[in-house]
Amino acid sequence: MAELKKDPVVVAATQVLAHVPGMARHGSKPSRELPRDPAVEAEFLGSLRSFDEAVAYPPHQAFVGAIHPRALPARPWTDTPPGQASRWAPGGEVMPEEEFLGLLASVDTAGLLTLGADLAERALGALGDHPLAKHFALGQLERATGDVEAAADGVAACPIHVGAGPMEASLRAGDDVDQSLTGAVLLENLAAKATATLALLHLLDKEQIDPASVDYVIGCGEEAVGDRYQRGGGNLAKAVAEAAGLSEASGMDVKDFCAAPIPALVVAASLVKAGVFRRVAVVAGGSLAKLGMKFQGHLRNRLPVLEDVLGGAAALVEGDDGASPTLRLDAVGRHRVAAGGSAPQIMESLAMEPLVRLGLTTTDIDDFATELHNPEITEPQGSGNVPERNYKTLAALAARRGDISRDEIASFVESRGMPGFAPTQGHLASGLCYLPHALDRLKSGDATRSMIIAKGSLFLGRMSQLSDGMSVVLERNRQ
Amino acid sequence: MLENRYVIALGERDGISGPAIAACAEAAGAKVVFVSTECFV
């Protein structure tokens, strides 16, 4: 059991996007605003991006791992012409909506999704050619094919469109009266399951991992599944494990609003180090509720609806293999109840305290990944540049500690920070989106240490006025 | 400064939290009738 003395490693991480412009109308904000004004609805539907535009969008290329975020071109990114970028990246992809609807059918174990015959045929053809086709339950698409109009007439059913086109699918409610199982709620849950499954399948394929070798799966997406007696009771992780063919795994969900991925990684690493499990996957699906969340600002600024993608992420944690980056369990930062709630206090708690514990300075960290929300999405709606605010706070604290001079604040932000590139699905933006890039740089030797910092807005649930957060340090393997 | 004033304290996740605004307002003599912190990202 000598290996238990060493901290576990993160072997691999993958990320995917599903471009779902037709589903964007079911985001929380559009679902409230569009029915109130047909003119707004028409403008919204007229401002949806094509698949090629979504693929070419540079932040999406950074999210799926094709380019490092520091290699992003100058803004505006929306001006990038389509046609130059590929939907495929090492270990990731951007999946078009038709295929994704087929994937939804493939993971719909309750049989609630109905696909129109034409859509089912198109989706089946596309998914049949997908590199991961053998892992999809393509037979489910045929079983899902049926009368979409009749299905959509059911109680609390949710109509589904491809882009701005006509209805081509529908998701029935799981129960006639349960508000936790309406078609709209289940579409959110199913979309989260499908994106997380897709990311996990890519990871297993890329690393040639035997699915039966994974002992446990921890879900950390923002979505919560449950029924009226236990809203958010879970467990999406085991559903993802089942869908990805992880026959020997069980799983659970970790909830912490947007911060959840880092506690999930820490729990995964702790389980491995304690010898409870040998190989643990951490997965997160996309948040459909956040699609189109800031569409009003986008339309006001003559931008397309930029929140039209669902993200999926997967990472694999296991015992030290002598090569993969180490997750330092002795350097976990947590936002204590007594730490205070101002931005500097939170950053002090999450970023500085772990470094002090290790006897390191901020300049010993090559890359800081904070809340990497894409500013091109947040700024038009008045939410500002979230990562920039975080990096300025971080640099100011570094200067106060004497790690850098005041003159070096700008270069600190530029060289150790990065532009935001994640969709506004907080758990993805809150550091998790940088994990594939961090692993690449730590494996290649371009970086020695990365710190990933996550924050979550607990106060939104009205059970506390506090926020929360957690940070981890990943380090180049010393062997 | 805020005696005999009612205050609604709306905080922002990345800025000043609702309870911090409320504490300042109460210290200045206000009666805080509602406190909330919101997330705008």
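As shown above, the structure is provided for reference.
Being a predicted model, the structure only gives us computed values, none of them experimental.

Student: Which parts of the structure should I look at to understand the overall build of chain A?
Tutor: A count of helices and strands for chain A gives 18 helices and 15 strands. In terms of overall size, chain A behaves like a compact globule, its C-alpha atoms giving a radius of gyration of 22 Å where 479 residues would be expected to give roughly 23 Å. For the C-alpha atoms alone, the extent of chain A along its principal axes is close to 65 × 55 × 45 Å. Within chain A, the fraction of its 479 residues that count as buried is 58%. Sequence separation of 24 or more characterises 74% of the internal contacts of chain A that already satisfy a separation of 6 or more.

Student: Whenever I open this one, the interface of chain B and chain A confuses me. Can you help?
Tutor: Counting residues at the interface gives 11 residues for chain B and 14 residues for chain A. The biggest single contributor to the side of chain B that touches chain A is helix H1 (residues 18-27) of chain B, with three residues. When the residues that make up the side of chain B that touches chain A are grouped by side-chain class, the tally is six nonpolar, three polar and two charged.

Student: Got a minute to help me understand helix H13 (residues 343-358) of chain A in this structure?
Tutor: Structural remark: α-helix, 3.6 residues per turn; residues separated by three or four positions point the same way. Residues and elements named next belong to chain A. Taking 1.5 Å per residue as the helical rise, H13 with its 16 residues ought to reach 22 Å, and the 23 Å between its terminal C-alpha atoms agrees with that figure. Considering bend angle alone, the principal kink of H13 is centred on Met-352 and spans about 35°; proline Pro-354 follows within four residues of it. Of all the positions in H13, only Ala-343, Ile-346, Met-347, Glu-348, Ser-349, Leu-350, Ala-351, Met-352, Pro-354 and Leu-355 are classed as buried. Lining the buried residues of H13 we find strand S12 (333-334), helix H15 (386-401), strand S14 (449-456) and strand S15 (468-475). Of the residues flanking the end of H13, it is Gly-359, one or two places downstream, whose phi is positive at about 75°.

Student: What should I look at first to understand the pairing of strand S3 (residues 92-95) of chain A in this one?
Tutor: Two faces, one strand: in a regular strand the side chains alternate between the faces of the sheet. All names here are of chain A. Neither face of S3 is left uncovered, since the one carrying Gly-92 and Val-94 and the one carrying Glu-93 and Met-95 both have all their residues buried. Judged from the three bridges that link them, strand S1 (residues 9-19) and S3 form a sheet pairing that is parallel. Residue pairing in the sheet places Val-16 in a bridge with Glu-93 of S3. Counted along the chain from strand S2 (residues 88-89) to the antiparallel partner S3, the turn is two residues long, and its residue Gly-91 has a positive phi close to 85°.

Cut-offs used in this document
- All chains use their own residue numbering, which begins from 1 and follows the written sequence.
- Each chain takes a letter, starting from A, and each ligand takes a number, starting from 1, following the order in which they are written.
- With the structure being a predicted model, the display of local features is reserved for residues of pLDDT at least 70 and the display and counting of side-chain atom pairs for 80 or more, all residues being used for whole-chain, interface and lining totals.
- The helix count covers DSSP runs of H or I at least four residues long, the strand count covers runs of E at least two residues long, and both are numbered beginning at the N terminus.
- Here the globule rule reads 2.2 Å times residues to the power 0.38, and the radius of gyration is calculated from C-alpha atoms.
- Residues with at least 20 other C-beta atoms within 10 Å of their own are called buried, those with 12 or fewer are called exposed, and the rest are partly exposed. The C-beta atoms themselves are positioned from the backbone.
- Contact between two residues is assigned when their C-beta atoms, built from the backbone, lie within 7 Å.
- When residues are sorted by character, Ala, Val, Leu, Ile, Met, Phe, Trp, Tyr, Cys and Pro go into the nonpolar class, Asp, Glu, Lys and Arg into the charged class, and all the rest, Gly among them, into the polar class.
- In a helix, the anticipated span is given by 1.5 Å times the number of residues less one.
- Note that bend, as reported per residue, equals the angle between axes fitted to the 7 residues terminating at that residue and the 7 residues originating from it.
- We call two strands paired when DSSP finds no fewer than two bridges between them.

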